[in-house]
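# Tertiary structure, described
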Amino acid sequence: SKATVSVLNCTTDGPPMGGDAAPPTAVMLFGGETERECFAVDFVTEHALPYLFVSGPTACADTRLRGVPAGTQVSVDWRALDTLSNFTTTVPKLREHGVTSVYLLTNHYHMRRVLWCAASILRFYGIAYTPLPVPPHYEPGRRPRSESWLRAARDALRATLWCATGWDGGAVASLVHPNRARMAEERKDGYGEHSMHITVPVHEGPEDVPLDRASGGLQ
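About the cut-offs
Residues numbered from 1 in each chain as written. Predicted model: local features only at pLDDT ≥ 70, side-chain atom pairs only at ≥ 80, totals over all residues. Heavy atoms only, no water. Helix = DSSP H or I, 4+ residues; strand = E, 2+ residues; numbered from the N terminus. Buried < 20%, exposed > 50% of the residue type's maximum accessible area, 1.4 Å probe, protein only. Contact = heavy atoms within 4.5 Å. Areas by Shrake-Rupley, 256 points an atom, 1.4 Å probe, with all protein chains shown as cover. Axes fitted to C-alpha atoms, helices over the stretch in contact; angles between N-to-C directions. Parallel < 35°, antiparallel > 145°, perpendicular 65-115°, else oblique. Left-handed = near helix turned anticlockwise from the far one by under 90°. Pairing = 2+ DSSP bridges. Right-handed = clockwise from strand over helix to strand, strands pointing away. Nonpolar A, V, L, I, M, F, W, Y, C, P; charged D, E, K, R; others polar.

### Re the overall build of the protein
- Scanning the protein from terminus to terminus reveals 7 helices and 9 strands.
- Buried residues in the protein amount to 49% of all 219 residues.
- Considering only contacts in the protein between residues 6 or more positions apart, those separated by 24 or more positions represent 72%.
- Looking at the protein as shown, the accessible area adds up to about 10400 Å², and 55% of this sits on carbon and sulfur atoms.

Structure (structure tokens):
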């Protein structure tokens, strides 16, 4: 089967990669850029997807993500410090909710690294995935960015190592990304945990969204 993406004149057709070929039921958002979060809200709204998993969000993401449609479950997690830990902290949640096919949402320049990691990690768990790059009109005026294939190869190797040993190099990532590590700890201090859930009740509007702190999967 094919997954069709159509948000504000953005159309992408293609079968899910790896695992089950069922249409995706969730979006996995790789945080760090506000346009990713804005696009995620629009996409989930248009396609009425039940789940949105956000890893490594921006500072105001919890407010921005309240725009999801009623009934959508949003998981916001600050533990990830890099692309690999985006996966290692989110995959347990995908499995917990029975997600077998997922959209991977990030910018074009970051997508190669995401897909190379997914080829090891998501395939290992039998989870199908479909790339969902942010359309250019969500980042007007921004100069094109690119990443070296060496960064993708490095993270793909780390992903394979994690699947084999369970080691993700978290201590090293904290040293390489001290600002991200500090932000994760600050959000933990503010909310008491490293992650939270946002659920928009069917009978209420976005302005009445209750915040239920996640109780499981914290490390």
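Structure shown, so let's carry the discussion forward.
### A word on the packing of helix 3 (residues 83-96) against helix 4 (residues 108-124)
- At a minimum axis separation of 10 Å, helix 3 and helix 4 run at an interaxial angle of 45°. By the angle between their directions, the pair helix 3 and helix 4 is classed as oblique. The element helix 3 and its partner helix 4 pack so that their crossing is right-handed. Each of Thr-83, Leu-84, Phe-87, Val-91 and Leu-94 in helix 3 lies in contact with helix 4, whose residues at this interface are His-110, Arg-113, Val-114, Cys-117, Ala-118, Ile-121 and Leu-122.

### Quick look at unusual backbone geometry
- If you check the backbone angles, Ala-48 has positive phi at about 50° while not being a glycine.
- For Ala-48, the position within the fold is in the loop between helix 1 (34-47) and strand 4 (51-55).
- Exposure remark for Ala-48: the relative accessible area of 58% places this residue in the exposed category.

### Here's the deal with the pairing of strand 7 (residues 128-133)
- Burial within strand 7 is extensive, with 6 of its 6 residues counted as buried.
- In strand 7, alternate side chains face the same way, and those of Ala-128, Thr-130 and Leu-132 on one face and Tyr-129, Pro-131 and Pro-133 on the other are all buried.
- Bridge analysis of strand 6 (residues 101-106) against strand 7 gives 6 bridges, and the strand direction is parallel. Along strand 7, the bridge assignment pairs Ser-101 with Ala-128.
- Each parallel crossover has a hand, and the one from strand 6 via helix 4 to strand 7 is right-handed.

### A look at the packing of helix 4 against helix 5 (residues 149-165)
- Helix 5 packs onto helix 4 with a crossing angle of 15° between their chain directions and a minimal axis gap of 8 Å. Classed by the angle they form, the pair helix 4 and helix 5 counts as roughly parallel. The chirality of how helix 4 crosses helix 5 is right-handed. Between helix 4 and helix 5, the contacting residues are Arg-112, Arg-113, Trp-116, Cys-117, Ser-120, Ile-121 and Phe-124 on the first element and Trp-149, Arg-151, Ala-152, Ala-153, Arg-154, Asp-155, Ala-156, Ala-159, Thr-160, Trp-162 and Cys-163 on the second.
- In terms of residue class, the contact of helix 4 with helix 5 is made up of 11 nonpolar, 2 polar and 5 charged.

### Details of the pairing of strand 4
- Most of strand 4 sits inside the fold, with 5 of its 5 residues counted as buried.
- Across the two faces of strand 4 the burial is the same, with Tyr-51, Phe-53 and Ser-55 and Leu-52 and Val-54 all buried.
- Read as a crossover between parallel neighbours, the route from strand 3 (residues 26-30) over helix 1 to strand 4 is right-handed.
- Sheet topology places strand 4 next to strand 5 (residues 73-77); 5 bridges connect them, and they run parallel. Residue pairing in the sheet places Leu-52 in a bridge with Val-74 of strand 5.

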